[in-house]
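Below are the chains, spelled out letter by letter.
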Amino acid sequence: MSGFTNIVKKELRELLTRSTIIPVVLMAVMFGLLGNAFSGIEDEITAPPKLGIVNMDSGVLSEIAVSQIGNLSEVQYNGTDVNMALDKIEQNGGTAVLVIPANFTQRVMDGSSGSVEIYWIMKGAGLTDSVSSTSVETVLSTASASISAYLIEHNTSANASIVLSPTSHTDTTIFRSKEMIGISPTEISSMLSSQSTIVPIIIMMIVMMAGSTIISSMGMEKENKTLETLLTLPVRRSSIIAGKLAAAAIVGLLMAGVYMIGFGYYMQSLSAHQNIDLAAYGLTLGVIDYLLVGLSLFASLLAALALCMVIGTFATSYKSAQALIMPITILTIIPMFILMMKDFNTLPTTGKVLIYAIPFSHPMMAFRSLMFDDYVLVISGIVYSTAFAAVMIAVASWIFKTDRLLTGRIGKKAKTRNGLLSFISSLIAKRRRA
Amino acid sequence: MTVIGVEKVSSEDDDGFTGKHVIVVENLCKSYGDFQALKGISFVAHEGEVFGLIGPNGAGKTTALRILATLLQITSGKVTAFGKDLGQHPEEIRKVLSYLPEDAGAYKNLTGRDYLEFVADFFTKDHETKEMVQRGLEIADLGDRIDTKVETYSKGMTRRLLVARALMTRPRLAILDELTSGLDVVNAQEIRRIVKQATKDGTTVLLSSHNMLEVELMCDRIVLIDNGLIVERGTPADLKKKYAASNIEEVFMKVVA
């Protein structure tokens with residue numbers, strides 16, 4: 001074997017270990033799941049919007065508008081009852097109900113703008129949840145262009161600006177039983193963009209900082225050969241685990257705090273010109289809401305740290321600890337990206353299960369959920385994260401009591417073949433002595 | 001080769017030692033998957049004695065010491081320490097135990113003094129902690145360097161600190177694996193003297209070493225382990241006589257080779 005081949009073989013043996021392969025495989029699986037979740041968004045962008053039309057006008061221009069809207073969208077309701085239209089569209093997962101008032105044609109012919117009332121059925125407040133509202137606006141502008149073409153062809157007496165832009169629209173958005181007048185889903189998404197982006201990023205940072213601290217701590221204990229001494233000191237295993245968890249939580253929160261300050265200034269500079277008052281639309285959090293957000297963050301952090309403690313027991317050195325941080329990083333990045341783009345309620349079922357199962361997702365969703373009074377999701381998330389943390393702490397405590405930490409194996413009691421052999425040999429010895 | 005794997009454990013040892021039993025090991029087995037590291041060893045260690053475990057590499061010495069230090073689970077057999085079942089009461093036993101692993105380290109970001117204080121806090125409170133740390137400082141004897149970070153220490157300095165950590169608590173049982181590993185002759189002699197002194201105060205020492213001179217100098221009795229079994233036992237003097245050897249190294253070669 002040549003020197004080169006020998007070196008390559010040795011390097012591969014050192015580099016391709018369990019601790020390097022497992023995170024990469026996990027990453028591949030997680031990216032696959034991420035792809036599935038995003039494929040739904042792509043379908044939504046390309047599909048025609050589902051609409052309801054309530055046409056109170058019998059004039060020619062409203063007929064043109066209805067015909068054009070019908071060509072470019074999937075009309076789920078076409079009638080004259082607004083409430084019935086809203087019910088139907090909501091049931092069928094549609095986007096909006098367009099109400100054309102009785103005097104629509106007359107107003108345009110008289111030289112005024114024909115106003116269409118849009119009742120938006122908003123499903124989520126993620127950045128991509130307003131994609132369907134953009135497609136509705138495209139449909140409306142096409143209808144408006146058709147009306148313009150009619151007005152030009154028939155040489156009407158309307159003024160030029162109305163001929164070129166004959167329609168306008170007023171917005172009412174219905175989101176989780178809140179009716180917000182004079183605002184569109186795109187504007188609401190834009191208003192909530194700070195919550196949609198900052199909160200998931202901060203949670204991701206806290207979890208990654210604290211998680212990597214605890215995994216590295218376990219790796220360092222093994223690399224520096226201090227673990228054996230620590231485990232023979234008169235201190236309960238649970239105290240060792242709790243101490244490590246608490247220290248990592250403090251470090252994680254401190255580090256995340258520093259990042260938050262910097263990132264907060266950055267986001268403030270971006271949103272300084274928006275000047276939109278969320279309170280005007282009833283989108284504010286009370287004291288209990290903030291308490292729930294804090295609880296959600298605490299439970300989630302505890303769950304993350306306990307999971308990291310379990311993962312950390314696999315670390316054999318500082319280097320291997322760094323590789324083991326990868327799955328935690330992926331687990332925090334996935335909900336961060338998905339929840340920035342989509343609202344939990346608008347995700348496909350697999351996406352919902354995935355996001356719910358990751359305990360770090362819950363504080364990312366808490367702000368937005370509480371703003372729209374979705375207490376069930378937040379409280380159940382706190383309960384789930386706490387239960388997850390409890391299970392992980394129990395697993396970590398069990399591992400600390402076994403040989404796993406030092407030998408990489410779980411010790412077995414004397415029920416094995418070896419145990420039987422030694423039992424038989426002790427019986428023989430007793431008989432000899434007798 | 002005489003194999004004494006399974007034996008009767010009596011209140012009076014076969015070497016005529018009659019001290020109070022501190023450790024009673026009965027038919028101890030330890031397996032890692034299919035590999036049997038210990039195949040049924042038995043011995044008794046008495047209060048205030050230095051009991052040596054010697055044997056070739058991979059014989060099972062460190063496994064035995066790790067079990068006695070409450071670090072590894074027992075596959076089968078029984079270990080009693082101070083009259084308590086080791087498997088049932090590990091936390092009780094850790095209060096009177098000190099374990100010095102062969103390749104142990106200390107927390108690199110702490111100073112030597114901080115490290116001793118950190119360990120002492122687990123054993124005592126208030127003024128007793130200060131006394132314990134003071135004892136540790138005397139054993140470590142690192143001068144001004146005790147207030148510098150452990151990461152700046154040489155191997156010998158780290159070992160002195162670790163020995164100090166192990167003995168400053170006045171343990172009733174000290175498990176010392178390669179006690180003087182990394183120490184020069186002068187330091188090694190001093191540490192051996194300190195350990196011997198500790199036995200006079202009632203500390204029982206379980207010692208494992210590849211240094212046969214150290215074993216001969218320190219141990220009151222020894223067991224020779226090979227391939228997971230005890231293959232010889234006795235006082236150094238008796239073993240030398242039995243094998244007509246001038247030192248324990250010769251005994252070792254005759255038994256194991």
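Residues numbered from 1 in each chain as written. Chains lettered and ligands numbered in written order. Predicted model: local features only at pLDDT ≥ 70, side-chain atom pairs only at ≥ 80, totals over all residues. Heavy atoms only, no water.

### Quick word on helix α4 (residues 82–91) of chain A
Since there are 3.6 residues in each turn of an α-helix, residues three or four apart along the chain are aligned in direction.
Residues and elements named next belong to chain A.
Item 1. V82, A85, L86 and I89 are the residues of α4 that are buried. All buried residues of α4 fall inside an arc of 100° around its axis, so they share one side. In α4, the exposed positions that point more than 90 degrees away from the buried face belong to N83 and Q91.
Item 2. The secondary structure elements touched by the buried residues of α4 are β1 (50–55), β2 (74–79), β3 (96–100), β4 (114–122) and β5 (167–175).
Item 3. The distance from a side-chain oxygen at the start of α4 to the backbone nitrogen of N83 is 3.0 Å, and the residue carrying that oxygen is D81.
Item 4. At the exit of α4 stands G93, carrying a positive phi of roughly 70°. (Buried < 20%, exposed > 50% of the residue type's maximum accessible area, 1.4 Å probe, protein only. Helix = DSSP H or I, 4+ residues; strand = E, 2+ residues; numbered from the N terminus. Arc of directions from axis to C-beta. Contact = heavy atoms within 4.5 Å. Polar contact = N/O pair within 3.5 Å; in protein donor to acceptor, adjacent residues only side chain to side chain.)

### Re empty space enclosed by the protein
All names here are of chain A.
Item 1. Throughout the structure, instances matching the rule amount to four cavities of 30 Å³ or more.
Item 2. Approximately 50 Å³ is the volume attributed to the second largest cavity.
Item 3. Looking at the second largest cavity, the residues that line it are A65, I69, I100, F104, V116, L140, A143, S144 and T167.
Item 4. Of all the secondary structure elements, the ones that give two or more residues to the lining of the second largest cavity are α3 (60–72) and α6 (131–153).
Item 5. The greatest single-element share of the lining of the second largest cavity, amounting to three residues, is contributed by α6.
Item 6. Here the residues of the lining of the second largest cavity are counted per class, giving seven nonpolar, two polar and no charged. (1 Å grid on protein atoms, 1.4 Å probe; cavity = no way out; pocket = protein on both sides within 12 Å on 5 of 7 lines; lining within 4 Å. Points joined across faces, edges and corners; volume = space filled by probe spheres on them. Nonpolar A, V, L, I, M, F, W, Y, C, P; charged D, E, K, R; others polar.)

### Points about the sheet that holds strand β5 (residues 84–85) of chain B
Residue and element names in this part refer to chain B.
Item 1. The strand order across the open sheet formed by four strands is β2-β1-β4-β5, and the pairing between neighbours is antiparallel. Strand pairing shows two members of the sheet lacking a second neighbour, β2 (35–46) and β5, which therefore form its edges.
Item 2. When strand β1 (residues 21–32) meets strand β4 (residues 76–81), the two strands line up antiparallel, connected through five bridges. Residue pairing in the sheet places E26 in a bridge with K78 of β4. (Pairing = 2+ DSSP bridges.)

### Focus: unusual backbone geometry
Item 1. Phi is positive for A:K225, which is not a glycine, with a value near 60°.
Item 2. You can see A:K225 is positioned in the loop between α9 (193–223) and α10 (227–232).
Item 3. Even without a glycine there, the phi angle at B:F82 is positive, about 50°.
Item 4. With respect to the helices and strands, the residue B:F82 is situated in the loop between β4 and β5.

Everything listed is a geometric property; what it means functionally is a separate question.
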